[in-house]
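# Geometric and topological summary
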Amino acid sequence: MLFRSNLGDTAIGVAPKARIISGKIFNKSGRSDSETVLKAMQWMVDPDGNPNTEDTPRLISNSWGGTMGSTFHRAVKVWENLGILPVFAAGNSGPRKETMAAPAGYKQSFAVAASKEDGSIANFSSRGPVFYEQETYTKPDISAPGYDVLSSQRGGGYRKASGTSMACPHVAGSADRKSTRLNSSHLVISYADFCLKK
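Residues numbered from 1 in each chain as written. Predicted model: local features only at pLDDT ≥ 70, side-chain atom pairs only at ≥ 80, totals over all residues. Heavy atoms only, no water.

To continue, consider the packing of aromatic side chains. Note on aromatic pairs: each is described by the distance of the centres and the angle between the planes. Under the counting rule described, the total for this entry stands at four aromatic pairs. The interplanar angle of 75 degrees and the centroid separation of 5.6 Å between the aromatic rings of Trp64 and Phe88 together place this pair among those described as edge-to-face. Within this pair, whereas Trp64 is found in the loop between strand E3 (59-62) and helix H2 (73-81), its partner Phe88 is found in strand E4 (residues 85-89), the two being separated by 24 residues in sequence. Comparing Trp64 with Phe88 shows no difference in burial state: the two are buried. With a centroid separation of 6.3 Å and an interplanar angle of 15 degrees, the aromatic rings of Trp79 and Phe88 are classed as stacked. Assigned by exposure class, Trp79 and Phe88 land together as buried. Taken together, Trp64, Phe72, Trp79 and Phe88 form an aromatic cluster joined through their ring pairs. (Phe/Tyr/Trp six-rings, centres within 6.5 Å; stacked < 30°, edge-to-face > 60°. Helix = DSSP H or I, 4+ residues; strand = E, 2+ residues; numbered from the N terminus. Buried < 20%, exposed > 50% of the residue type's maximum accessible area, 1.4 Å probe, protein only.)

What follows is the structure in structure tokens.
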């Protein structure tokens, strides 16, 4: 999403023409459970519940995660089989290696690390490699601006925030603009492009 702010001509965000479908998985305390999350993941495949309409999203941006395990793996595979790009925030458990968690750590997920303005990876950003189902592979897949990013806030106004949850929407918005399945060799995201567009 791209918004005009009360900061003059400054715009924040990406993909100004994207259509947004939102699913709530957390309660007021910021908690959820696997059953609720899995129901939401299933709902996203056909939001209006009518298989005759074409409302399956091209991608789903996810800024949540848990421990590495198989709980959400089948749902992510279903998304991938339906042509949905599963974009996930890598997590904020860095800087140690092997700190990726599920679902960002699944091979099918497009995991997004947080970078700083100088291009370095933010200290908090989770890192790979991932060891899962007797395989070792590299994660995250890409990094995007995730440190001191200008964002809207609940109740109105704007603030700077940091985290892979700030980086993930940059990639999702960029992927939507390109309308294609991506890998990191197809997409370059920089602060100059997306943090403060004028």
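Now that the structure has been shown, we can carry on.
Our next topic: the sheet that holds E3. As summarised here, the arrangement of the four strands in space is E3-E4-E5-E8, forming an open sheet in which the pairing is parallel. Only two strands of the sheet have a single neighbouring strand rather than two, namely E3 and strand E8 (142-145). Between one strand and the next, the sheet's axes are offset by a mean angle of 30 degrees, whatever the strand orientation. Judged from the four bridges that link them, E3 and E4 form a sheet pairing that is parallel. (Pairing = 2+ DSSP bridges. Axes fitted to C-alpha atoms, helices over the stretch in contact; angles between N-to-C directions.)

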